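One-letter residues, chain by chain:
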Amino acid sequence: MKAVGRKRQANWSLSPHWWCWSLRRFLSSLALLAFCAGGWSTKAATWSDDFTSTSLIETTTMKFNAATGVLYPTVQIQGWNLGSGGQVTNLDFGDGRHGAFDSTTYSRFGTVVGSTVTINTEDFCQSPSDASCPLQVTSFNLAAGTTLIGTGAKPLEIRSLTDIIVAGTINCSGADGTAMNSNNTVVSSGGTGRCGGGSGGNGGSIVTEATNGTLGGTSLTRAGLGANTANASPAANNVGAAGGGGGGGYSQVATGAEEGYSQAAVIWDSEGGNFDDQGFSEVGGGSGGGGGKPYSGTDVANHSSGGGGAGGGGVVLLSAFRDITVSGSVLANGGNGGGTTGTLRAGAGGGGGGGTIGVWAGRNLSFPLSGVISAMGGSGGASGIDVADAPTGDNPEQGKGGDGGDGRTWITDNDQCNGATCPAGENPPFLGVDEGYVRSVISAFSVVSREIDLRNTAPVLNSFSVTASLSGGSSITSEIATSDQTGFDPTSLWVTASSLVGQPLKRFVRYRLTVDNQDANSPAIVDAVTLDYSGHQQNDFAFTASCASVAELTAPPTATLNPGRPKLPEFFRSRQLGVFMFLWGLPLLLVVVLRARGHSRSRPRLGLH
């Protein structure tokens, strides 16, 4: 036999150049598919709070404005002075819970009949024991020609997160007492107090004695007294019976209530008590006037029941974060006592005391078109005794009811609205030394967030930014505390945010702002906080009781992920890997197998012939 010669064995394996070419093509294809499917870079994400609510804030010493979406420093009336030195009073602009007040929403606040809106101030109480039940609005606009009448025993307090516009009339004045009645058995009722003002006493009849008015504020010693036996009226034989005294007002000395008058024009101690409190340490209205005494003398034609006492003026408090414009009227006057325009000879009712009006604007207060602010005491009613018994002017005030004491007003803004900058429509004017000005408190304030779940095990902080308005040397310091455990205590973990930029954080984060306000006129205002970071979205898994299965723990999406590209491990866990293997891996494997088989057939064989 003859041995057959062997061929070279180099073709037993594929060429190294072919392997390199195939590997390069495989890797470039993998890179291209990975790039198209999401690439190798990490996802970018942001977490932000634009302060449309305080749900993401744990604690803050700043105030929150839901209408404008900002945090701002405490606002005060500073430097007001009644003669004992400058003082401060904090202002509250509310939380806006009742929404906007305007012509489209009047019916949401009260009853609308024609151009009159009637609001019961007690409807806005959180509890019956609340001393104040404010309307907390995002804005307030009372249109021209519209009258808002306040009723109820609580003040009418309007707090606005933006502006207040009063083009119509806000009326919390006390109602007038009922006039004398020619039937002296009929009771003439007293006028009703509004918005916390006291009510007037009933006039006396030959069946029922006159009654006293009621208090408008707890510090008033008494309301106007009715002309009756218990109050020792000096009137004799019911002829020219004295009128009731006017109700007391919250004001300064020399503006108090007036006594009623007897037949001989002799005054008697029937006036309501006065209380000097221009600084509003107590908020209350004027008291009601007392009722007048009936007449039942020999002059039968002029028999009459006493006039009713008038209601006291109530309380109107307006405060706005921005501007207040009054081109209409804000009224809290005492009502007028009931009397007669004829010859009826009973005693007249006392006038109601003036109430309380406060108007405070965070920015500017203006009174175009001669806007009016008035809390004056009402007039006592007149008696016909003046006509019957004093035709020549002798004792012209016989039987007259006493006038009510004047109330108090206080209006100011950030440039100290006073006689030089505000019109003469304020009546009575602020009687203290200085009404002060609205200013933001110069101090440091803090804001601490709730826990933020970034859903990343090691997110890298790209930036931490605060959108704010700063002037006059005001500044903001930002700090971050981070932990891999939820519910962590940040006390010892605070680090300046700028020092963490470019550094990995842990999954759970909290921030703290220290806002140092140094400008009382243009305070530091915080609009938003934004945290930008890089990292892949992390899903946590926990084993369940079933065999070889896992359950995903769902975490709340506290961060908004921006479009990005997943890391390589996430790609290899995805369906994209299967697509890749089918489109590229399988054909490549077939090529390799076929090439290998082709070379296998060309192998040299050994044989005998």
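Here, every reference points to the structure presented above.
Residues numbered from 1 in each chain as written. Predicted model: local features only at pLDDT ≥ 70, side-chain atom pairs only at ≥ 80, totals over all residues. Heavy atoms only, no water.

Peer 1: With reference to specific residues and values, describe the sheet that holds strand β24 (residues 437-440).
Peer 2: Two pairing modes exist for strands in a sheet, parallel and antiparallel, and in both the strands are linked by backbone hydrogen bonds. With respect to topology, 3 strands assemble into an open sheet ordered β6-β5-β24, the strand pairing being antiparallel. Where the open sheet ends on each side, the last strands, each with one partner, are β6 (87-91) and β24. For this sheet, the mean angle separating the axes of adjacent strands, direction not counted, is 35°. Pairing analysis gives 5 bridges linking strand β5 (residues 75-80) to β6, with the strands arranged antiparallel. Note on β6: the bridge partner recorded for Gln76 is Asn90. (Pairing = 2+ DSSP bridges. Helix = DSSP H or I, 4+ residues; strand = E, 2+ residues; numbered from the N terminus. Axes fitted to C-alpha atoms, helices over the stretch in contact; angles between N-to-C directions.)

Peer 1: Give a description of the sheet that holds strand β16 (residues 315-320) that names residues and reports values.
Peer 2: Within the open sheet, the 5 strands sit side by side as β10-β13-β16-β19-β22. Their pairing is parallel. A strand with exactly one partner marks an edge of an open sheet, and here the two such strands are β10 (135-137) and β22 (408-412). Taking each pair of neighbouring strands and ignoring which way they run, the sheet shows an average axis angle of 5°. Bridging between strand β13 (residues 156-160) and β16 involves 5 bridges; their strand directions are parallel. For Ser160, the partnering residue across the bridge sits in β16 and is Ala320.

Peer 1: Summarise the pattern of salt bridges; cite the residues concerned and give the values.
Peer 2: Under the criterion given, the structure shown has 13 salt bridges. Salt-bridge contacts for Arg322 lead to Asp163; the nearest nitrogen and oxygen are separated by 3.4 Å. Remark: Asp163 occurs in the loop between β13 and β14 (164-166) and Arg322 occurs in the loop between β16 and β17 (324-326); sequence separation between them is 159 residues. A residue is classified by how much of its surface remains accessible, and Arg322, at 26% relative accessible area, is partly exposed. In this structure Asp163 comes out as partly exposed when scored by relative accessible area, which is 22%. Via salt bridges that share partners, Asp92, Glu157 and Arg159 belong to a single interconnected network. (Salt bridge = Lys/Arg side-chain N within 4 Å of Asp/Glu carboxyl O. Buried < 20%, exposed > 50% of the residue type's maximum accessible area, 1.4 Å probe, protein only.)

Peer 1: Residues and numbers for the packing of aromatic side chains, please.
Peer 2: Using the criterion set out here, one finds 15 aromatic pairs in the structure. A centroid spacing of 4.3 Å and a plane angle of 10° characterise the contact between Phe101 and Phe140, whose relative ring orientation is stacked. With Phe101 in strand β7 (residues 100-101) and Phe140 in strand β11 (residues 139-142), this pair connects stretches of sequence that are 39 residues apart. Across the pair, exposure class does not vary: Phe101 and Phe140 are buried alike. Seen from their ring centres, Phe280 and Trp410 are 5.4 Å apart, and the 90° between their planes marks the pair as edge-to-face. Linking Phe280 in the loop between β15 (169-171) and β16 with Trp410 in strand β22, this pair joins segments that are 130 residues apart in sequence. The structure contains a cluster of three or more aromatic residues connected by ring pairs, namely Trp80, Phe280, Trp360, Trp410 and Phe430. (Phe/Tyr/Trp six-rings, centres within 6.5 Å; stacked < 30°, edge-to-face > 60°.)

Peer 1: Lay out the layout of surface pockets with the relevant residues and their values.
Peer 2: Of the voids in this model, the largest pocket is the one considered here, and its volume is about 600 Å³. Counting only elements with at least two residues in the lining of the largest pocket, the list comes to β5, β6, β13 and β16. Residue contributions to the lining of the largest pocket peak at 4 residues, all from β6. Across the lining of the largest pocket, the residue classes break down as 14 nonpolar, 13 polar and 7 charged. Of the volumes computed, that of the second largest pocket is approximately 360 Å³. What lines the second largest pocket is a set of 19 residues, and nearest its centre among them are Phe321, Gly362, Arg363, Pro523 and Ile525. (1 Å grid on protein atoms, 1.4 Å probe; cavity = no way out; pocket = protein on both sides within 12 Å on 5 of 7 lines; lining within 4 Å. Points joined across faces, edges and corners; volume = space filled by probe spheres on them. Nonpolar A, V, L, I, M, F, W, Y, C, P; charged D, E, K, R; others polar.)

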